[in-house]
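Tertiary structure, described
Residues per chain, in single letters:
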Amino acid sequence: MTRAPLLLLGLSTSCAAAYLASVAAPRASLNRLPEARPSVSIFGRDATCLAVGAAIPSPPPLRSAQPPAATTSPTAPELYERAVLLQQMRRRDESLRTFERLAELTPGDGRVWMRMMTLHKLERRWGRAEATLRRGIEALPQNALLRQALGDLCRERQRWDEARAHFAQAARLDPQLRSVYDSWGRMEASLGRHTFAAELLQRGLELEPTARTYHALGVLQDSKLGQRDKARETLRRGLRLPDEHRNPQLLHALGKLEAAAGNAPAARAHYLAAIDAAPSFTMAHLALGKLEEGLGRYETAARVYAQGATTLQPDGGMGLVQLWQSWARMEQRRGRPLSARRLYERACRHHPKDARLLSEWARLAAELGDPAQARAIFSRVLALRPAPPAYAWRAAAALQVREGNISEARELFVR
């Protein structure tokens, strides 16, 4: 019987673990009989014998058990299923060992190399991830997906020329591979090669129209190429794809385009549509709040910021930290520093390790004449690990200068 991934069948983690143990254990013969056990009846003749003290009849001879069946090793599909299940259960080292065994048994299965690379990346073992992809390419030199994955890895490591060469090779191996044009185009856009990036993204759309690529091309046309009308049409085409008419990223991008064009009502409509489609997509709350603030509609902006900042996210956290920052900064600009101070305090309960948020709160506390609180907050900032950015050290040093602690300030400045 064909096996489906066990987690998709709704098995609990404990059931999945039991399955893994059964796959790893030798298989018992279905024909093996249980050991016969002697028993004494309390009815009939045996009961009479017991009553008069007669000897208990000898039990019938035991049937000899059949010898155990020979151990059968799991098949490659069973090993793959087991490795994927281990990965889903976050037992990554066990999953990786199983995939390594599979790579020896079936080196021509590209999925195995991709899974191993992904596991190494999740553990931030970049060198091993790259070595795995190169082993896969050695086994499957014509596999365009493995070559693209190596390009993506080089791009993530900012090895631009190598990434470009791998993307080009992947496109030669499979000219119909849409995803390589998406990855390659996004990289070229980030490097400022906007016209070439647009050509690559357009090529990807010709192969397979997707909302993701329409979004990337539309944003590029609007923000970098100055092609607002083309961008508007590109984004609308994305919305016309099946089941994409409420895509929040496309609606958000259209809202930003209309806001930049000075069409506030259209921008507002797109932002509200994005929020309605995906309430946890708080980038739309941020953009709408800034639009309303720019129009002087401060109370409306505050309501939008508050709604986005307190919207529960899929990971269990609250909205973007930028929502809290924009909300607090607006209160400061309106001459309401105490309200801003309370917002910073609330925000830092939800984002206790955001260096910029903490630094802004500390600076405001100093401006309000509370250097003790400012010092305490900066102590939290400078104790963050990894170490906070340079602006946090400069802000802490500026506080020491304001208080006349020149030597302390000098020590902070040189860090």
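Computed from a predicted model, the values in this text were never measured in an experiment. (Residues numbered from 1 in each chain as written. Predicted model: local features only at pLDDT ≥ 70, side-chain atom pairs only at ≥ 80, totals over all residues. Heavy atoms only, no water.)

What follows is about the overall build of the protein. Summing up its helical and strand segments, the protein has 22 helices and zero strands in all. Residues classed as buried in the protein amount to 41% of the 415 residues present. Sequence separation of 24 or more characterises 46% of the internal contacts of the protein that already satisfy a separation of 6 or more. When the accessible surface of the protein is totalled, it reaches about 23400 Å², and 53% of it is carbon and sulfur. (Helix = DSSP H or I, 4+ residues; strand = E, 2+ residues; numbered from the N terminus. Buried < 20%, exposed > 50% of the residue type's maximum accessible area, 1.4 Å probe, protein only. Contact = heavy atoms within 4.5 Å. Areas by Shrake-Rupley, 256 points an atom, 1.4 Å probe, with all protein chains shown as cover.)

The next thing to look at is the packing of aromatic side chains. Scanning the entire structure with this criterion turns up four aromatic pairs. A centroid spacing of 5.8 Å and a plane angle of 70 degrees characterise the contact between Tyr 80 and Phe 99, whose relative ring orientation is edge-to-face. With Tyr 80 in helix α3 (residues 76–88) and Phe 99 in helix α4 (residues 92–105), this residue pair connects regions lying 19 residues apart in the sequence. Aromatic pair Trp 184 and Phe 196: ring centres 5.7 Å apart, planes at 90 degrees, arrangement edge-to-face. Pair noted here: Trp 184 is in helix α9 (residues 178–190) and Phe 196 is in helix α10 (residues 194–207), with a separation of 12 residues, a long-range link. (Phe/Tyr/Trp six-rings, centres within 6.5 Å; stacked < 30°, edge-to-face > 60°.)

Here the focus is the confidence of the model for the protein. Predicted confidence across the protein gives a mean pLDDT of 86, with 83% of residues reaching 70 or more. For residues 1–12, every residue scores under 50 in pLDDT, and the model assigns this stretch 12 contacts once sequence neighbours within four places are set aside. (pLDDT = per-residue confidence, 0-100.)

Counted by the stated rule, this structure contains 32 salt bridges. Of the charged contacts in the structure, one is a salt bridge between Arg 164 and Asp 161, with a shortest N-O distance of 3.1 Å. Here Arg 164 pairs with Asp 161, and both are found in helix α8 (residues 160–173), just three residues apart, close to one helical turn. Between Glu 208 and Arg 178 there is a salt bridge whose closest N-O contact spans 3.3 Å. A residue pair is termed long-range when its members are at least 10 positions apart, and Glu 208 in the loop between α10 and α11 (211–223) and Arg 178 in helix α9 qualify at 30 residues. Here Arg 178 falls in the buried class, since its relative accessible area comes to 18%. (Salt bridge = Lys/Arg side-chain N within 4 Å of Asp/Glu carboxyl O.)

Here helix α20 (residues 371–382) crosses helix α21 (residues 390–402) at 155 degrees, and the two axes come no closer than 10 Å. Accordingly, the angle class assigned to the pair α20 and α21 is roughly antiparallel. When the axes of α20 and α21 are compared, the crossing they make is left-handed. Residue-level contacts link Ala 374, Arg 375, Phe 378, Val 381 and Leu 382 of α20 to Ala 392, Trp 393, Ala 395, Ala 396, Leu 399 and Gln 400 of α21. Tallied by class, the residues present in the contact of α20 with α21 amount to nine nonpolar, one polar and one charged. (Axes fitted to C-alpha atoms, helices over the stretch in contact; angles between N-to-C directions. Parallel < 35°, antiparallel > 145°, perpendicular 65-115°, else oblique. Left-handed = near helix turned anticlockwise from the far one by under 90°. Nonpolar A, V, L, I, M, F, W, Y, C, P; charged D, E, K, R; others polar.)

Among the surface-exposed residues, Val 401, Ile 406, Phe 413 and Val 414 lie close enough to one another that they form a single nonpolar patch of about 380 Å² accessible area. Following the sequence through the fold, Val 414 ends up in the segment after α22 (406–413). Under the relative-accessibility criterion, Val 414 is labelled exposed at 66%. (Patch = residues over 30% accessible without salt bridge, like charges linked within 9 Å, V, L, I, M, F, W, Y side chains within 5 Å.)

Among the nonpolar cores identified, the biggest contains 37 residues, and Tyr 305, Trp 327 and Leu 358 are the most heavily contacted of them. Looking at this core, the elements that each hand over two or more residues are α16 (298–309), α17 (321–333), α18 (337–350), α19 (355–367), α20 and α21. The element best represented in this core is α19, accounting for eight residues. The residues touching Tyr 305, leaving out its near neighbours within four places in the chain, are Leu 286, Gly 289, Lys 290, Glu 293, Leu 323, Ser 326, Trp 327 and Met 330. Formed by 34 residues, the second largest nonpolar core is a distinct cluster that contains Leu 133, Ala 149, Ala 170 and Tyr 181. (Core = buried A, V, L, I, M, F, W, Y, C linked by side-chain atoms within 4.5 Å.)

This paragraph deals with the side chain of Gln 148. Relative to the helices and strands, Gln 148 resides in helix α7 (residues 144–156). The contact partners of Gln 148, leaving out residues within four places of it in the chain, are Phe 167, Ala 170, Leu 177, Ser 179, Val 180 and Ser 183.

Each neighbour pair has its own omega, and for Arg 385 with Pro 386 the value is 0 degrees, a cis peptide bond. Residue placement: Pro 386 occurs in the loop between α20 and α21. For Arg 124, which is not glycine, the phi dihedral falls at a positive 60 degrees.

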